[in-house]
Amino acid sequence: MSPVFGWDVGGAHVKVACIEDGRLRDVAQWSCPLWQGLEHLRGAIEQAGLRWPALRDARHAVTMTGEMVDLFADREQGVRAIVATLAQALRGPLAVCAVGERDEALRWIDAADAPRHWPAVASANWLATAALAARAVGEGVLVDIGSTTCDLIALGEGARVLARGRSDAERLAADELVYQGVVRTPLMALGPRIVWRGVPHQVMNEWFATTADVYRLTSELDPAHDQQPTADNAGKDLPATRRRLARMIGRDAREAPDADWLAFAHAWRARQCERIGEALERVLSVAPIARDAPLVAAGCGAFLVESLALRMGRPSRSFAAQAVPLHDGAGDDVPRWAQVCAPAVAVGLLYAALAEPTPATRATKELQACGS
């Protein structure tokens, strides 16, 4: 069977997964500041075509969140533009992931029909990841912490997705979508006060630093995932990172030793874990799942999930390790990138499962053919 490519078109990145024989062969991410123009999406498609020569004529499964960027007048226009751009560049069949009519339902829509169903298509990537995780893990909570946002989705027995919200607006109201990530989030969004050398300080409400500065200083953010410009468009070295953090409380980095700025970064880390943890507690308070059900970690911020699991008294599991079958030809770094690009991997695997027979199914068909 020809490969299936799973696409997750975000506002800041494009993630693509290559599925062969129902298993993940390869996956990659490209920076794509979509708010600056559709040419960035076309550029990412071009890069994907260079990585995988079979891409354009293959089958494709697509999900997105990029329709929200302010390049578009509204989300409907965004869905139309993203689907049209992909359809123009890719010659093979293109299926679009959409939220179904029932709580746990995920459905597939032909690209030509996607604009008509745009409310179900818009920002449906969380459902693909949750559906695959639910099949693999059963009861638990998906905690997908990306560069910009965090999804908190309860998973039930019988591979059920127990989300209360469907759209971004509904999920924000249900605490299932927290608009914080580990790369692009301005630090002022984490709260109005922060502790510096034991003293609470007001935070400057300026885009002086982002969460990438925090996790770059704590050495938790993989440099390969640190793809966005800094707040001041300066370097990503540690001295420049400390300068940006210092500005958040009206200081210069030279006013304190490096160890104090590292402690300051950990204070911001604790603040973000607190904010996400509060939302997670509210999700768990209404989710009918066992007290020992695990948190399923995904995203480039999966390193925070262990801290959240300790806070909740629950085990943690890796999305990639639990839910993603690997192709024999997959490289050593594919599991790491599968964790980061979970929605692209999920739509690819889910669609491939519909499109391709399993080895057992093939064997059954062969026996039936021999018997006839």
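What this report covers is the structure whose coordinates are included nearby. All values derive from a computational prediction rather than experimental measurement.

**Considering the sheet that holds strand E4 (residues 59–64)**
Here 6 strands make up an open sheet; going across it, the order is E3-E2-E1-E4-E5-E6 and the pairing mixed. Each edge of the open sheet carries a strand with a single partner, namely strand E3 (23–31) and strand E6 (106–110). On average, each strand axis in the sheet is inclined to that of its neighbour by 25 degrees, with strand direction left out of account. Examined bridge by bridge, E4 and strand E5 (residues 94–99) share 3 bridges and lie parallel to one another. By the bridge assignment for E5, Ala61 is matched with Ala95. Against the sheet, helix H2 (residues 75–89) touches strand E1 (4–9), E4 and E5, its axis set at about 160 degrees to E4. Together, E1, E4, E5 and E6 form the strand contacts of helix H4 (residues 125–137), whose direction differs from that of E5 by roughly 85 degrees.

**Considerations on the packing of aromatic side chains**
Inspection of every chain in the model, using the stated rule, returns 8 aromatic pairs. Aromatic side chains Trp196 and Phe264 sit 5.4 Å apart centroid to centroid with 80 degrees between the ring planes, which places their arrangement in the edge-to-face category. On the criterion of sequence distance, the pair formed by Trp196 in strand E11 (residues 193–196) and Phe264 in helix H8 (residues 258–286) is long-range, its members being 68 residues apart. Look at Phe264 and you get buried, because its relative accessible area is 1%. Aromatic rings pair up to connect Trp196, Trp261, Phe264 and Trp268 into one cluster.

**Structural notes on the environment of Leu94**
Along the chain, Leu94 falls in strand E5. Judged by relative accessible area, which is 8%, Leu94 ranks as buried. Considering only alpha carbons, one finds Leu94 and Ala114, 20 residues apart in sequence, at a separation of 10 Å. If we ignore the near neighbours within four places in the chain, the residues touching Leu94 are His60, Val62, Leu86, Ala87, Ile109, Asp110 and Ala111.

**Details of the pattern of salt bridges**
Applying the stated rule across the entire model yields 23 salt bridges. When the shortest N-O distance is used, the salt bridge between Asp175 and Arg282 registers 2.8 Å. Of this pair, Asp175 sits in the loop between helix H5 (168–173) and strand E10 (177–178) while Arg282 sits in helix H8, and the two are 107 residues apart along the sequence. The class for Arg282 is partly exposed, based on a relative accessible area of 40%. Across the salt bridge formed by Arg244 and Asp213, the nearest N and O atoms sit 2.8 Å from each other. Of this pair, Arg244 sits in helix H7 (residues 238–247) while Asp213 sits in helix H6 (residues 211–217); the two residues are 31 residues apart in sequence, bridging distant segments of the chain. There is no split in this pair, since Arg244 and Asp213 are both buried. Members of the salt-bridge network, linked through shared partners, are Asp213, Arg216, Asp226, Asp232, Lys236, Arg244 and Arg247.

**What about the packing of helix H1 (residues 39–51) against H2?**
Here H1 crosses H2 at 35 degrees, and the two axes come no closer than 10 Å. Relative to H2, H1 is oriented so that their crossing is right-handed. Contacts from Leu41, Arg42 and Ile45 in H1 reach Ile82, Thr85, Leu86 and Ala89 in H2. The class makeup of the residues in the contact of H1 with H2 is 5 nonpolar, 1 polar and 1 charged.

Procedures and definitions
Residues numbered from 1 in each chain as written. Predicted model: local features only at pLDDT ≥ 70, side-chain atom pairs only at ≥ 80, totals over all residues. Heavy atoms only, no water. Pairing = 2+ DSSP bridges. Helix = DSSP H or I, 4+ residues; strand = E, 2+ residues; numbered from the N terminus. Axes fitted to C-alpha atoms, helices over the stretch in contact; angles between N-to-C directions. Contact = heavy atoms within 4.5 Å. Phe/Tyr/Trp six-rings, centres within 6.5 Å; stacked < 30°, edge-to-face > 60°. Buried < 20%, exposed > 50% of the residue type's maximum accessible area, 1.4 Å probe, protein only. Salt bridge = Lys/Arg side-chain N within 4 Å of Asp/Glu carboxyl O. Left-handed = near helix turned anticlockwise from the far one by under 90°. Nonpolar A, V, L, I, M, F, W, Y, C, P; charged D, E, K, R; others polar.

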